[in-house]
Amino acid sequence: MELSEDLKYRLAYLMLRLALDQKLSRADAGAHLLAFLDVLAGTQLAAEAGGRRYASQREKIESFIDAEFGEDVLHLVQRAVAEIV
C-alpha cells in the first residue's frame, strides 16, 4: 500500500494515540501525558481530570484506522502498539 506523506503522518499520529490510550487505560493518567494529549487534540481537559479515570478512545481510534486504511493496516498497528506498550 502506497501512502501519501499526509497519510503517513496521520497513521503515525493514530498509532501514537492508540499507544497512549492503552497506557492511560492501564494506570492512573499522568498529568504530563494528559497535557500532551491536550496539545494533540486541541483540548484543555488535563486540568479538569484530577482523580478521574481516563475514558478510553480505543474503539473509536481503531474504527477510524480500519475505515481509513483497512483491516490489514489496523492489525499491523495493533501488533506494533502491543510491542510498544
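Before reading further, recall that the structure is shown in the block above.
Residues numbered from 1 in each chain as written. Predicted model: local features only at pLDDT ≥ 70, side-chain atom pairs only at ≥ 80, totals over all residues. Heavy atoms only, no water.

**Quick notes on the overall build of the chain**
Then step 1. When you go through the chain residue by residue, the secondary structure sums to 4 helices and 0 strands.
Then step 2. Residues classed as buried in the chain amount to 27% of the 85 residues present.
Then step 3. Of the contacts made within the chain by residues no fewer than 6 positions apart, 63% connect residues no fewer than 24 positions apart. (Helix = DSSP H or I, 4+ residues; strand = E, 2+ residues; numbered from the N terminus. Buried < 20%, exposed > 50% of the residue type's maximum accessible area, 1.4 Å probe, protein only. Contact = heavy atoms within 4.5 Å.)

**Examining the pattern of salt bridges**
Then step 1. Taken as a whole and assessed by the stated rule, the structure comprises 2 salt bridges.
Then step 2. Here Arg10 ties to Glu68 by a salt bridge, and the two come within 2.9 Å at their closest N and O atoms. With Arg10 in helix 1 (residues 5–26) and Glu68 in helix 3 (residues 58–69), this pair connects stretches of sequence that are 58 residues apart. (Salt bridge = Lys/Arg side-chain N within 4 Å of Asp/Glu carboxyl O.)

**Points about the side chain of Asp21**
Then step 1. Locating Asp21 in the fold gives a position in helix 1.
Then step 2. Despite its burial, Asp21 remains without a salt bridge, the nearest opposite charge being carried by Arg58 at 5.6 Å.
Then step 3. Only 2.7 Å separates the side chain of Asp21 from the backbone nitrogen of Gln57, close enough to count as a polar contact.
Then step 4. Polar contacts involving the side chain of Asp21 include one to the main-chain amide nitrogen of Arg58, which spans 3.4 Å.
Then step 5. In contact with Asp21, not counting residues within four places along its chain, are Tyr54, Ala55, Ser56, Gln57 and Arg58. (Lys, Arg positive; Asp, Glu negative; His and termini not counted. Polar contact = N/O pair within 3.5 Å; in protein donor to acceptor, adjacent residues only side chain to side chain.)

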